[in-house]
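# Chain and residue survey
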Amino acid sequence: MIEDKNQQRTPLSEFGEFGLIDHLTKNFKINHSSTIKGIGDDAAVLNFENKKIVLTTDLLVEGVHFDLSYMPLKHLGYKAVVVNLSDVYAMNAKATQITVSIAVSNRFPVEALEDIYAGIETAAKIYNIDVVGGDTTSSNTGLLISITAIGEAEDEVYRSGAKPKDLLVVTGDLGAAFMGLQVLEREKEVYKVNPNNQPDLEPYTYIIERQLKPEARKDIIKLLKDLDVKPTSMIDISDGLSSEIIHLCKQSNVGCDLYEDKIPLDPQVISTCEEFNIDSTTVALNGGEDYELLFTISQDDFPKIQANPNFSVIGYMKEANDGMHLVTRGDSRIPIKAQGWKNFNG
Ligand SMILES: [Mg+2]
């Protein structure tokens, strides 16, 4: 895409560093009263008065976290913001500002950076966050994006508050981003052999979108507040259900029973798993990049979430010495492991 001869290719050297940031961020709007000064001085100035601040940062590296042969740059910019905001929401906080730092090699023209920033701008609008700073520099190794997100918390939720008998709840469905990646990787291999082959990706629309354009669950933070439910612990699912359950259990000093038949799966995940001959439970446990929220609630709060289609109760917490187990459809109990992909044969 960036090699397209029909596209304009303005070299990065055309702009000085500050000229480039001004150029890339000229359409960004400031919406939060906590942003006193955004881009344009040596540092941003924020004022949260008496609110607590959450701060989180992520680094995405080409070839490790994304592959530009199927990841459009605009989507990459969008996803880089979303994965970061997901961590803010996982604290039960409201995301308000981000800073964006990008390192690119000079094989990228200005237009490529414009595409990345267009994705960032879209995400900033949709999630209502102010872009208040950043840096752009050259890289010898490929593209790197680092985003820092800032948010405000009235009633933050940690990973450490789960109690025995609390219910384990997950939003949305799991495994789709991983299966979307499998389809994209397969099509990339097909394309290498026959570039004229036009893949039919229609049966995979949902799972590919979950990989290329994930959304963070800002809506859930509001919904939980509206339902008057405060989770006892919470985390977002970036690495797969099993490792996030282990984080919650270890940091809360509890155990857990997770029920295989309760894990929410989209029909497209199930059919694609059948096609690839992969176990769908394994994908949900270890796939990752779902950016759903995993949390625990007191059993007293169960009636408030019971009928809501956003939530699936997938298990409950136990005493730490009971351990962490997957209860399979066949009623056997398998210890939950972080890298279960290789160790676990359901
Ligand atoms: Mg996280």
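Please read these numbers as outputs of a predicted model, since none were measured by experiment.

### As for the pairing of strand S4 (residues 94-104)
In terms of residue burial, S4 counts as a mostly covered element, since eight of its eleven residues are buried. Two strands pair when backbone bridges link them, and S4 and strand S6 (residues 144-153) are joined in this way by nine bridges, in the antiparallel orientation. Across the sheet, Ile-102 pairs through a bridge with Ile-145, a residue of S6. When S4 meets strand S5 (residues 130-138), the two strands line up parallel, connected through eight bridges. Across the sheet, the residue bridging to Val-100 is Gly-134, located in S5. Handedness of the β-α-β unit built from S4, helix H3 (residues 110-126) and S5 comes out right-handed.

### Comments concerning the layout of surface pockets
Leftover empty space is mapped by rolling, across the atoms, a probe with the size of a water molecule. What the largest pocket holds in volume is close to 560 Å³. Lining the largest pocket are 24 residues, and of these Asn-92, Lys-94, Ile-221, Lys-222 and Lys-225 lie nearest its centre. When contributions to the lining of the largest pocket are tallied by element, the ones reaching two or more residues are S4, S6 and helix H6 (218-226). With seven residues, H6 is the largest single contributor of residues to the lining of the largest pocket. Per-domain counts for the lining of the largest pocket show at least three residues from each of domain 1 (12-153) and domain 2 (167-335). Here the second largest pocket is characterised by a volume of approximately 460 Å³.

Quick notes on the rules
- Residues numbered from 1 in each chain as written.
- Predicted model: local features only at pLDDT ≥ 70, side-chain atom pairs only at ≥ 80, totals over all residues.
- Heavy atoms only, no water.
- Buried < 20%, exposed > 50% of the residue type's maximum accessible area, 1.4 Å probe, protein only.
- Helix = DSSP H or I, 4+ residues; strand = E, 2+ residues; numbered from the N terminus.
- Pairing = 2+ DSSP bridges.
- Right-handed = clockwise from strand over helix to strand, strands pointing away.
- 1 Å grid on protein atoms, 1.4 Å probe; cavity = no way out; pocket = protein on both sides within 12 Å on 5 of 7 lines; lining within 4 Å.
- Points joined across faces, edges and corners; volume = space filled by probe spheres on them.
- Domains from an automatic or database assignment.

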